[in-house]
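Chains, contacts and geometry: an overview
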Amino acid sequence: MVAIARSLFASAQRRAFSSSSATAYKVAVLGAAGGIGQPLSLLLKLNDKVTDLALYDLRGAPGVAADVSHVPTNSTVAGYLPDNDGLKTALTGTDVILIPAGIPRKPGMTRDDLFNTNASIVRDLAKAAAEYAPKAFVLVIANPVNSTVPIVSEVFKSKGVYDPKRLFGVTTLDVLRSSRFISQIVGTDPKAEPVPVVGGHSGVTIVPLLSQSNHPELEGETRDALVHRIQFGGDEVVKAKDGAGSATLSMAQAAARFADSLLTSLSGTPVTEPTFVDSPLFKDEGIEFFASKVTLGPSGAETIHPLGEISEYEATLVEAAKVDLKKNIAKGIKFVAENP
Ligand code: LMR
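Residues numbered from 1 in each chain as written. Predicted model: local features only at pLDDT ≥ 70, side-chain atom pairs only at ≥ 80, totals over all residues. Heavy atoms only, no water.

1. Brief notes about the packing of aromatic side chains
- Counted according to the given criterion, the structure contains 4 aromatic pairs.
- A centroid spacing of 5.6 Å and a plane angle of 90° characterise the contact between Phe115 and Phe335, whose relative ring orientation is edge-to-face. Pair noted here: Phe115 is in helix H5 (residues 115-132) and Phe335 is in helix H11 (residues 312-338), with a separation of 220 residues, a long-range link. Phe335 matches Phe115 in its accessibility class, with the two residues each being buried.
- A cation over an aromatic ring shows up here: Lys331 above the ring of Phe115, its NZ or CZ 4.8 Å from the ring centre. (Phe/Tyr/Trp six-rings, centres within 6.5 Å; stacked < 30°, edge-to-face > 60°. Helix = DSSP H or I, 4+ residues; strand = E, 2+ residues; numbered from the N terminus. Buried < 20%, exposed > 50% of the residue type's maximum accessible area, 1.4 Å probe, protein only. Lys NZ or Arg CZ within 6 Å of the ring centre and 35° of its normal.)

2. As for the site of the ligand
- Close to the ligand lie Arg105, Arg111, Asn143, Leu173, Arg177, His201, Gly234, Ser246, Ala247 and Met251.
- Arg111 places a polar side-chain atom, nitrogen or oxygen, 2.8 Å from an oxygen atom of the ligand.
- In the environment of the ligand, an oxygen atom lies 2.6 Å from a nitrogen or oxygen atom belonging to the side chain of His201.
- When the ligand is considered free in solution it has 260 Å² of accessible area, and contact with the protein chains removes 98% of it.
- Per-class residue counts for the shell around the ligand are 3 nonpolar, 4 polar and 3 charged.
- Structurally, the shell around the ligand is a two-domain feature, drawing no fewer than three residues from each of domain 1 (2-169) and domain 2 (172-331). (Near = heavy atom within 4 Å. Polar contact = N/O pair within 3.5 Å; in protein donor to acceptor, adjacent residues only side chain to side chain. Areas by Shrake-Rupley, 256 points an atom, 1.4 Å probe, with all protein chains shown as cover. Nonpolar A, V, L, I, M, F, W, Y, C, P; charged D, E, K, R; others polar. Domains from an automatic or database assignment.)

3. A look at the environment of Asp235
- You can see Asp235 is positioned in helix H9 (residues 233-241).
- In this structure the C-alpha to C-alpha distance between Asp235 and Ile182, which are 53 residues apart in sequence, comes to 18 Å.
- Engagement of the side chain of Asp235 in a polar contact is seen with the side chain of Arg105, the distance being 3.1 Å.

4. Observations concerning the side chain of Thr92
- With respect to the element layout, Thr92 can be found in the loop between helix H4 (86-91) and strand E4 (96-99).
- Residue class for Thr92 comes out buried when judged on its relative accessible area of 10%.
- Of note is the side chain of Thr92, whose polar atom sits 2.6 Å from the backbone oxygen of Lys88.

5. Things to note about the pairing of E4
- Neither face of E4 is open: one carries Val96 and Leu98, the other Ile97 and Ile99, and all of them are buried.
- Bridging between strand E1 (residues 25-30) and E4 involves 3 bridges; their strand directions are parallel. Bridge pairing in E4 links Val29 to Leu98.
- Here E4 runs beside strand E5 (residues 137-140); their pairing, made up of 4 bridges, is parallel. Along E5, the bridge assignment pairs Ile99 with Val140. (Pairing = 2+ DSSP bridges.)

6. Focus: the layout of surface pockets
- There is about 670 Å³ of room inside the largest pocket.
- Lining the largest pocket are 39 residues, and of these Pro100, Ala101, Gly102, Ile103 and Pro104 sit closest to its centre.
- The set of elements that each furnish at least two residues to the lining of the largest pocket consists of H5, helix H7 (172-186) and H9.
- The element best represented in the lining of the largest pocket is H5, accounting for 4 residues.
- Across the lining of the largest pocket, the residue classes break down as 20 nonpolar, 12 polar and 7 charged.
- Both domain 1 (2-169) and domain 2 (172-331) contribute no fewer than three residues apiece to the lining of the largest pocket. (1 Å grid on protein atoms, 1.4 Å probe; cavity = no way out; pocket = protein on both sides within 12 Å on 5 of 7 lines; lining within 4 Å. Points joined across faces, edges and corners; volume = space filled by probe spheres on them.)

7. Digging into the pattern of salt bridges
- Counted by the stated rule, this structure contains 16 salt bridges.
- For the salt bridge of Asp260 with Lys49, the shortest nitrogen-to-oxygen distance reads 2.6 Å. Of the two residues, Asp260 is situated in helix H10 (residues 249-266) and Lys49 in the loop between helix H2 (37-45) and strand E2 (50-56); the sequence distance between them amounts to 211 residues.
- Overall, the relative accessible area of 25% leaves Asp260 in the partly exposed class.
- Note that Arg166 and Asp163 form a salt bridge whose closest N and O atoms lie 3.1 Å from each other.
- Through salt bridges that share partners, Glu219, Arg223 and Asp224 make up one connected network. (Salt bridge = Lys/Arg side-chain N within 4 Å of Asp/Glu carboxyl O.)

8. Things to note about the domain arrangement of the protein
- When its domains are assigned, the protein resolves into domain 1 (2-169) and domain 2 (172-331).
- The C-alpha-based centres of domain 1 and domain 2 are spaced at 23 Å.
- Across the boundary between the two partners, domain 1 contributes 39 residues, which contact 43 residues of domain 2.
- At the boundary of domain 1 with domain 2, total buried surface from both sides reaches about 3400 Å², with 65% on carbon and sulfur atoms. (Contact = heavy atoms within 4.5 Å. Buried area = accessible area lost by both parts, 1.4 Å probe.)

9. Comments concerning empty space enclosed by the protein
- Under the defined criterion, the tally for this structure stands at 1 cavity of 30 Å³ or more.
- Of the voids in this model, the largest cavity is the one considered here, and its volume is about 60 Å³.
- Lining the largest cavity are Pro134, Ala136, Val138, Val152, Phe156, Val161, Tyr162, Asp163, Arg166 and Leu167.
- Taken together, the residues of the lining of the largest cavity sort by class into 8 nonpolar, no polar and 2 charged.

Following this line, the structure appears as structure tokens:
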């Protein structure tokens, strides 16, 4: 009770502060002691837009909080466990929630193979978010993202607090991999190689639009190998980690970058990034969520951009993506209907 009162007081102070400075936000990481959660917490601690960092996990979060709290930036950091209403306190007054919680893949597994374990973890965290931070922006990292994002939306709908503009599947790692992999081919700085990536976040649902990159000239086997590497880049890491999990460091950096883009746009400077959102683009085909370029602003996903002009080759990739996406999304929706 005292902890919640304190959290509310801090939140009120923060909001008072935010009227003079638009960059003051409480950010919560759910799953903060895990492989992604720890580096993500560190990167958020380094972000000056984050003024309060709430780190929650089933175990280990207070240790991670104590550790990153020594990083010399001004934000407060607190770690929470399930006891003493830890999740409630972590979420109360939160502006942005990142959810990396869940188990990672092992070699030979697809992201969809994580569904049985991660679906209920994400559902339960979404229930808490809907109750204690219904207005927060929710950034889902937990796989399979194509299904866990619909799970969060169904939970929020069931609680009457769903705002489609506030829910995001983080697909930034696909964007970063595209920049990096293309730069390795053409020998440039990855930072100067933006590539829009659309669709979803697994296998063939990941569709890099190279025709809209700086290198539409890439063709044939080079292009095919690049697209395949982007679509299955996660598998490279899973294989190399040899049973010890999947991408954690690059995923943390990707999630921190997306969080920073959102915080920047909440503060009034719009940022456009690909992300997996409740999208009108293919709703008439029964596909409720789709990743495309989205302009972020104070209300969240403000403009969802169409795919624009794409090549015939890319149109084929988009068609293949839609087939899997439809199934992945339906699976998440069905899960919540059957396991509310
Ligand atoms: C990734 O893209 O690396 C993550 O989604 C983790 C995974 O399972 O591949």
